[in-house]
Number of protein chains: 2
Amino acid sequence: MQQILCTVDVVLLTLQDDMLKVALLRRDREPFKGVAALPGGFIRQQDDADTRDAALRVLRDKTAIEPPYLEQLATFSGPARDPRGWSVSVVYYALVPFDVIDSAGHPDVKLVGVDKPVGLPFDHRLIIDTAVARLRSKSQYSSLPCYLAGETFTLPQLQRVYEALMGEALNKVSFRRKMTEMDMLEPVEGAFSAGGAHRPAQLYRLKPELRDRLTLIERGL
Amino acid sequence: MQQILCTVDVVLLTLQDDMLKVALLRRDREPFKGVAALPGGFIRQQDDADTRDAALRVLRDKTAIEPPYLEQLATFSGPARDPRGWSVSVVYYALVPFDVIDSAGHPDVKLVGVDKPVGLPFDHRLIIDTAVARLRSKSQYSSLPCYLAGETFTLPQLQRVYEALMGEALNKVSFRRKMTEMDMLEPVEGAFSAGGAHRPAQLYRLKPELRDRLTLIERGL
């Protein structure tokens, strides 16, 4: 009996110029050698404490990125998704502010609009679509988008992130009320945005205790 | 290199007397032979089209139940959760009306209040807690509870199911408005509940096209 292939794949998502993008890498081995694909790899029993640990290792090794937010998306499986045989891939999605990817500056990492990539190997097209759908729906009732907004941000900047993910304009007053309700942000002492045309705006950040814990909005945005 | 163990487990949930219960079976083999546990088993490459298919096979073989609703919960993994070695278990949760379990009448299936079972093998306690949390949170903004209400139900019966899952009383008027908004129910022609003390109430069912598709509530209940 041939062994079931056990892998992890990561959908690394970021916002660049208000556009949702996914990180792809050219595969360095068969199958699909040279083809752009999601970062992934086999589970290593001797190295990995669990599949989450495997996903973080893969990201570290292949993209040099430590994601501020990583969540299990779903597990994809079957005899046909991988030409090597019956496979189970436990997929995680990571949210990473663009500047973090930029400063990691890994040469192999390509950021592509989530709807763009065609001819992806395996079932990576389905996996990306599943991750984007999860992110968009969760954005409506959680703090999830904050993880794409960077270390610090103004409320207008955060609102634009929510709007970019939800694909709709939000009412400024009710958006701010929701943010207050969620009680997840704290002002950064005496830190203000260089206002540009506008007057400087207070900078905020996620409360430290919420860095790795999602906050849910009572009734949605 | 030892092979990674690939299994599926199913958290089969039902409501009995407004109490959320989980189906347990005594294990017929080692490890933990004779101990009550979630129905589960190894993925069979030759039989299973994917892990969902494996979960349905396990339920069929071990409980004789075809669940009206089955969703992937999460994948649990690591070197310690199964004494046989590094394992990956893709876990599904199933919602089944009590009368379906009752009429299947499988002698080995025991229904236990979800908070009750102690001394569960593997990480089944954590798995059950994860499934219950998912069900309770999804009940607030989806049609999920309908799958526990049976083939047909009155609106008061459906409201009690929502209340049992959410653990709070709901306002009758706003509950009915939400149900109308969701547009997921249809009256059963000329079918009414035997009213008992009350006058007979119209019976409803999920619209056929929604039987296997979750409907989301715009702003939550």
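Here the residue numbering is sequential within each chain, running from 1 through the sequence in written order. As they are written, the chains are lettered A onward and the ligands numbered 1 onward, keeping that order. Predicted model: local features are reported for residues with pLDDT of at least 70 only, side-chain atom pairs are reported and counted for 80 or more only, and whole-chain, interface and lining totals are derived from all residues. Excluded from the side-chain calculations are hydrogens and water; all other atoms, namely the structure's heavy atoms, are used.

Novice: Looking at this model, I keep getting lost on the interface of chain B and chain A. Mind explaining?
Specialist: One frequently used descriptor of interface size is the decrease in accessible area upon assembly of the parts. Taken together, the contacts link 24 residues of chain B with 24 residues of chain A. In short, buried area is how much 1.4 Å probe accessible area vanishes from two parts on joining, totalled over both. Together, the buried faces of chain B and chain A total about 2300 Å²; carbon and sulfur atoms form 53% of this surface. The salt bridge criterion pairs a side-chain nitrogen of Lys or Arg with a carboxyl oxygen of Asp or Glu, the two atoms within 4 Å. Run the count over chain B and chain A and you get zero salt bridges. Two N or O atoms count as a polar contact when they lie within 3.5 Å, although within protein this holds only if one can serve as hydrogen donor and the other as acceptor, and sequence-adjacent residues are included solely when both atoms are side-chain atoms. Summed over the shared surface of chain B and chain A, the result is eight residue pairs in polar contact (both at pLDDT 80 or more). Elements supplying a minimum of two residues to the side of chain B that touches chain A: strand 5 (69-78) and strand 6 (87-95) of chain B. Only DSSP runs of H or I covering at least 4 residues are called helices, and only runs of E covering at least 2 are called strands; the numbering of each starts at the N terminus. Per element, the largest residue contribution to the side of chain B that touches chain A is five residues, and it comes from strand 5 of chain B. The contact definition used throughout considers only heavy atoms, calling two residues in contact when any of these lie within 4.5 Å.

Novice: Please clarify how the relation of the copies chain B and chain A should be interpreted in this entry.
Specialist: Both copies of the chain are placed relative to one another by a rotation about an axis and a shift along it. By a simple turn and slide, chain B fits onto chain A: the slide is 0.0 Å along the axis, the RMSD is 0.0 Å, and the turn is 180 degrees. The symmetry that links the two subunits is that of a two-fold axis. Of the residues that chain B buries at the interface, 100% are likewise interface residues in chain A, meaning the two copies contact each other through the same surface. Our superposition of the copies is a least-squares fit, built on the C-alpha atoms of residues whose pLDDT is at least 70 in both.

Novice: When you look at the domain arrangement of chain A in this model, what are you seeing that I'm missing?
Specialist: All names here are of chain A. One can read the domain layout of chain A as domain 1 (5-138) and domain 2 (141-210). Where each domain starts and ends follows an automatic or database-derived domain assignment. Placing a centre on the C-alpha atoms of domain 1 and another on those of domain 2 gives a separation of 27 Å. With 15 residues of domain 1 at the contact, the number on the domain 2 side is ten residues. Approximately 1300 Å² of surface area, both sides summed, lies buried where domain 1 meets domain 2, with 67% of it carried by carbon and sulfur atoms. It is Leu15, Asp18 and Lys138 in domain 1 that bury the most area against domain 2; as a group they hold 41% of the surface buried on that side. Counting across the domain 1 and domain 2 interface gives one salt bridge. One can count four residue pairs in polar contact (both at pLDDT 80 or more) joining domain 1 with domain 2. Taken together, the elements giving at least two residues each to the side of domain 1 that touches domain 2 come down to strand 1 (5-16), strand 6 (87-95) and helix 3 (124-139). Classification used: nonpolar for Ala, Val, Leu, Ile, Met, Phe, Trp, Tyr, Cys and Pro, charged for Asp, Glu, Lys and Arg, polar for all others including Gly. Residue composition of the side of domain 1 that touches domain 2, by class: ten nonpolar, two polar and three charged.

Novice: Would you mind going over the packing of aromatic side chains with me for this structure?
Specialist: Two aromatic rings, taken as a pair, are described by how far apart their centres are and by the angle between their planes. Here the aromatic set is Phe, Tyr and Trp, taking the six-membered ring for Trp, and pairing holds for ring centres within 6.5 Å; pairs whose planes are under 30 degrees apart are stacked, those over 60 apart are edge-to-face, and all others are tilted. If you walk through the whole model with that rule in mind, you get nine aromatic pairs over all chains. For the ring pair Tyr141 of chain A and Tyr141 of chain B, a centre distance of 5.1 Å and an interplane angle of 40 degrees mean the geometry is tilted. A residue pair is termed interchain when its members come from two chains, as with Tyr141 of chain A in the loop between helix 3 and helix 4 (155-166) and Tyr141 of chain B in the loop between helix 3 (124-139) and helix 4 (155-166). As far as the burial class goes, Tyr141 of chain A and Tyr141 of chain B line up, both buried. Taken together, the ring pairs in this structure connect Tyr69, Tyr93 and Tyr147 of chain A into an aromatic cluster. Partly exposed residues are those whose accessible area sits between 20% and 50% of the maximum for their type, while under 20% is buried and over 50% is exposed, using a 1.4 Å probe and protein chains only.

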